[in-house]
Amino acid sequence: KVETIGDAYMAVSNLIEPQPDHAKRICHFALEAIEAANSVRVLENETVETPAEIDEFVHLRVGFHSGPVVASVVGNLNPRFCLFGDTVNTASRME
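Treat the numbers as computed from the prediction; the structure is a model and nothing was measured.

Engineer: Explain the overall build of the chain to me, and be specific about the residues and the numbers.
Structural biologist: Per the secondary structure count, the chain includes 2 helices and 6 strands. Mapped from its N terminus to its C terminus, the chain presents α and β elements in the order β-β-α-β-β-β-β-α. For the chain, the proportion of its 95 residues judged to be buried stands at 12%. Long-range contacts, defined as pairs at least 24 residues apart, comprise 36% of the intrachain contacts of the chain with a sequence gap of at least 6. Put simply, the chain shows about 7,800 Å² of open surface, and 55% of that area lies on carbon and sulfur atoms.

Structure representation (structure tokens):
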């Protein structure tokens, strides 16, 4: 499950069944996401064509929080799978 919170994404894992190594799994995912993002170049000017004129790379901030959540489908016209609880609130404030 992935949600947008402002300009950030909050990813939730391990919703189906308990896994003793859930923190290790999400850590590996985060490290791979950082590595992938750091290989994507951001151009200072979209008309630039030479690598020497590239400004920088995409940067990610990563944080972890763990705890219980409640899940439910919300809405009739456009139903969405949502997560609720103190764990979700804390994670969203870690931005």
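Once you've had a look at it, read on.
Engineer: Lay out the pairing of strand β6 (residues 80-84) with the relevant residues and their values.
Structural biologist: Bridge count for strand β5 (residues 70-74) against β6 is 5 bridges, and the pairing is antiparallel. Paired with Val70 across the strands is Phe84, a residue of β6. The hairpin turn running from β5 into β6, its antiparallel successor, is 5 residues long, and Gly75 in that turn takes a positive phi close to 105°.

Engineer: Go over the side chain of Thr87, please, and point to the residues and values.
Structural biologist: Along the chain, the position of Thr87 falls in helix α2 (residues 86-93). Of note is the side chain of Thr87, whose polar atom sits 2.8 Å from the backbone oxygen of Pro68. Contacts of Thr87, omitting those with residues within four sequence positions, involve His65, Ser66, Gly67, Pro68 and Val69.

Engineer: Can you explain the confidence of the model for the chain? Please cite residues and give values.
Structural biologist: Here the chain averages 80 in pLDDT, while 85% of its residues score no lower than 70. Within the chain, the lowest mean pLDDT, 70, falls on strand β4 (residues 54-57), and the highest, 89, falls on helix α1 (residues 22-37).

Engineer: Talk me through a nonpolar patch on the surface; I want residue IDs and the actual numbers.
Structural biologist: On the surface, Leu15, Ile16, Val69, Val73 and Phe81 cluster together to form a nonpolar patch covering roughly 470 Å² of accessible area. Of note, Phe81 is situated in strand β6.

Engineer: Just give me the short version of the layout of surface pockets, but keep the residues and values in it.
Structural biologist: The calculated volume of the largest pocket comes to roughly 1,200 Å³. Along its surface, the largest pocket is lined by 34 residues, and Tyr9, Met10, Ala11, Gly63 and Phe64 are the ones closest to its centre. Every element with two or more residues in the lining of the largest pocket is listed here: β1 (2-5), β2 (8-11), α1 and α2. With 6 residues, α1 is the largest single contributor of residues to the lining of the largest pocket. Tallied by class, the residues present in the lining of the largest pocket amount to 21 nonpolar, 10 polar and 3 charged.

Procedures and definitions
Residues numbered from 1 in each chain as written. Predicted model: local features only at pLDDT ≥ 70, side-chain atom pairs only at ≥ 80, totals over all residues. Heavy atoms only, no water. Helix = DSSP H or I, 4+ residues; strand = E, 2+ residues; numbered from the N terminus. Buried < 20%, exposed > 50% of the residue type's maximum accessible area, 1.4 Å probe, protein only. Contact = heavy atoms within 4.5 Å. Areas by Shrake-Rupley, 256 points an atom, 1.4 Å probe, with all protein chains shown as cover. Pairing = 2+ DSSP bridges. Polar contact = N/O pair within 3.5 Å; in protein donor to acceptor, adjacent residues only side chain to side chain. pLDDT = per-residue confidence, 0-100. Patch = residues over 30% accessible without salt bridge, like charges linked within 9 Å, V, L, I, M, F, W, Y side chains within 5 Å. Salt bridge = Lys/Arg side-chain N within 4 Å of Asp/Glu carboxyl O. 1 Å grid on protein atoms, 1.4 Å probe; cavity = no way out; pocket = protein on both sides within 12 Å on 5 of 7 lines; lining within 4 Å. Points joined across faces, edges and corners; volume = space filled by probe spheres on them. Nonpolar A, V, L, I, M, F, W, Y, C, P; charged D, E, K, R; others polar.

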